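Residues per chain are reported as follows:
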Amino acid sequence: MYDFVVVGVGPPGARFARRAAEDGYDVLAVEKGTIGEPLACSGHVSTDIWEFTGDGAREELFQNEIYGARFHVGGPHSEAYPFYKDEVASNVIDRVGLDRHLADLAREAGADVREGHTVTAVTEHHDRVEVTANGPDGTVEFEAKMLAGCDGARSRVRDELDLPEPDELLHGVLAFSEEDDHQNFVDVHLTAPTFFAWRIPRGDAGVEYGLAAPPGVQVTKHFEELIDGYEIDVSHRCSGPIPIGPPDRVTSRRAFLIGDAAAQTKPFTGGGILYSMTSADHAAREIDPDRPTTLAAYEHAWRDDLEREQELGHYLRRAYSLPEPVQHLGLGALSGEIGVHMDRPTSLVSPSHLKAMLSRSRD
Ligand SMILES: Cc1cc2nc3c(=O)[nH]c(=O)nc-3n(C[C@H](O)[C@H](O)[C@H](O)COP(=O)(O)OP(=O)(O)OC[C@H]3O[C@@H](n4cnc5c(N)ncnc54)[C@H](O)[C@@H]3O)c2cc1C
């Protein structure tokens, strides 16, 4: 019997497997396909990402550094309102490479990481969890004291355990052009209903164009308008769900969810890489596989850390739906240098942000 079986080896699955293995637990992590594939993510992250990686990661994964974002109420040729820091705010990285790197770290820590295993059923008992998976050699069964559901926005583990779903599932699309662009700004277009479209320069790796919106919105139509506006050819189209709004409960008797399965994302960007790995650390620190009552400590720990950020993130997202004249006014008034941490909206009231605002008013 394993101490932990981890389902899904994206950032939180790999991170939790690594941390639990480092703590001496017997860990099996199963991934349904090949780790990192298919790509459905921009890999735009705060520089905090490097606190979660190992030796040589930056040389291997880094693509571009970003100082800020130009916000547009309209499409590509509309007025730009720049928001920027006086230092690097974020990095654009190779997301497929990140997943592989994090999985390697989990393996090095002693976790048994297996690709090509799709979990199809989960049964909880008072003393263990049974996991059924389809592997390369047919159906296999595993037993664990605890189960970590890190299997993404459409989590099978969540369904099997009848855990509640996230509030909302946005539909995100991406495509890439071959432009060589080392600019340090991303462009954000508030043209998609309740969310936005984006352009991310990825250095030698080309430029990424993307858009996310709720179900019912004609995402493809809005995306084509974005591409047409930029007058560019794109290829390698891909798409994926973005969960927003965590459910009230992400733990059961002997299982817990981390990452997109638990909607541990930023409501105003959909970003989840950093929140999911931060939550994986909370899980690894709090959960003892021999003491199911410790699951409650995990629920408290990740919510204590991220709930206020997510609440504020919801308010920020509401601005995407304001009438256009109000958006112009607001962006015009607030644009300029900022001191906000992109993962921590509460830093809007931080000394560094206030300092940046004050230095503007002196200019
Ligand atoms: C278009 C788009 C752009 C994004 N851009 C960013 C960004 O720039 N920055 C950012 O921080 N976040 C971004 N995100 C969000 C980010 O991708 C997720 O928050 C992050 O990947 C969450 O990791 P996860 O492991 O929880 O889920 P996933 O990355 O979806 O990984 C889940 C893993 O579980 C596996 N799995 C699923 N079901 C099973 C099963 N039954 N058995 C075994 N394995 C299974 C999957 O194959 C997958 O490897 C973006 C998302 C989208 C859709």
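Residues numbered from 1 in each chain as written. Predicted model: local features only at pLDDT ≥ 70, side-chain atom pairs only at ≥ 80, totals over all residues. Heavy atoms only, no water.

Engineer: I would appreciate a short explanation of the side chain of R95 in the present structure.
Structural biologist: Secondary-structure assignment places R95 in helix α3 (residues 95-108). Under the relative-accessibility criterion, R95 is labelled buried at 17%. With near-sequence residues (within four places) excluded, R95 lies in contact with P11, L39, C41, G43 and I273. (Helix = DSSP H or I, 4+ residues; strand = E, 2+ residues; numbered from the N terminus. Buried < 20%, exposed > 50% of the residue type's maximum accessible area, 1.4 Å probe, protein only. Contact = heavy atoms within 4.5 Å.)

Engineer: Whenever I open this one, the sheet that holds strand β4 (residues 62-66) confuses me. Can you help?
Structural biologist: Backbone hydrogen bonds hold the strands of a sheet together, and the pairing may be parallel or antiparallel. With respect to topology, three strands assemble into an open sheet ordered β3-β7-β4, the strand pairing being antiparallel. Single-partner strands in this sheet number two, and they are β3 (44-46) and β4. Averaged over all pairs of adjacent strands, the angle between their axes in this sheet comes to 30 degrees, without regard to strand direction. (Pairing = 2+ DSSP bridges. Axes fitted to C-alpha atoms, helices over the stretch in contact; angles between N-to-C directions.)

Engineer: Sorry if this is basic, but what is going on with the site of the ligand here?
Structural biologist: The immediate surroundings of the ligand are formed by 32 residues, with E31, H44, R95, V119 and D260 found nearest. Taking K32, its main chain carries an N or O atom lying 3.1 Å from a nitrogen atom of the ligand. When the ligand sits alone it has 990 Å² of accessible area, and the protein chains cover 88% of it. At the level of elements, α1 (11-22), β9 (118-124), β12 (168-177) and β16 (235-244) are the ones that each hand at least two residues to the shell around the ligand. For the shell around the ligand, the leading source of residues is β16, giving three residues. By residue class, the composition of the shell around the ligand is 12 nonpolar, 14 polar and six charged. (Near = heavy atom within 4 Å. Polar contact = N/O pair within 3.5 Å; in protein donor to acceptor, adjacent residues only side chain to side chain. Areas by Shrake-Rupley, 256 points an atom, 1.4 Å probe, with all protein chains shown as cover. Nonpolar A, V, L, I, M, F, W, Y, C, P; charged D, E, K, R; others polar.)

Engineer: Got a minute to help me understand the packing of aromatic side chains in this structure?
Structural biologist: The geometry of two aromatic rings is summed up by the distance between their centres and the angle between their planes. Taken as a whole and assessed by the stated rule, the structure comprises 13 aromatic pairs. With a centroid separation of 5.3 Å and an interplanar angle of 70 degrees, the aromatic rings of F16 and F256 are classed as edge-to-face. Placement of the pair is F16 in helix α1 and F256 in strand β17 (residues 255-257), with a sequence separation of 240 residues. Neither F16 nor F256 differs from the other in exposure class; each is buried. When the centroid spacing of 6.0 Å and the interplanar angle of 90 degrees are considered together, the rings of F195 and Y320 count as edge-to-face. Here F195, found in the loop between β13 (185-189) and β14 (196-201), pairs with Y320, found in the loop between α7 (295-318) and α8 (324-334); they are 125 residues apart in sequence, far enough to count as distant. (Phe/Tyr/Trp six-rings, centres within 6.5 Å; stacked < 30°, edge-to-face > 60°.)

Engineer: How should I be thinking about the packing of α1 against α3 in this particular structure?
Structural biologist: Between two packed helices, both the angle of their axes relative to each other and the distance between the axes serve to describe the pair. Contact geometry for α1 and α3: axes closest at 8 Å, N-to-C directions at 20 degrees. By the angle between their directions, the pair α1 and α3 is classed as roughly parallel. Note that α1 runs across α3; the crossing there is left-handed. Facing P11, A14, A17 and R18 of α1, the residues of α3 in contact are R95, D99, L102, A103, L105 and A106. Of the residues contributing to the contact of α1 with α3, the split by class is seven nonpolar, no polar and three charged. (Parallel < 35°, antiparallel > 145°, perpendicular 65-115°, else oblique. Left-handed = near helix turned anticlockwise from the far one by under 90°.)

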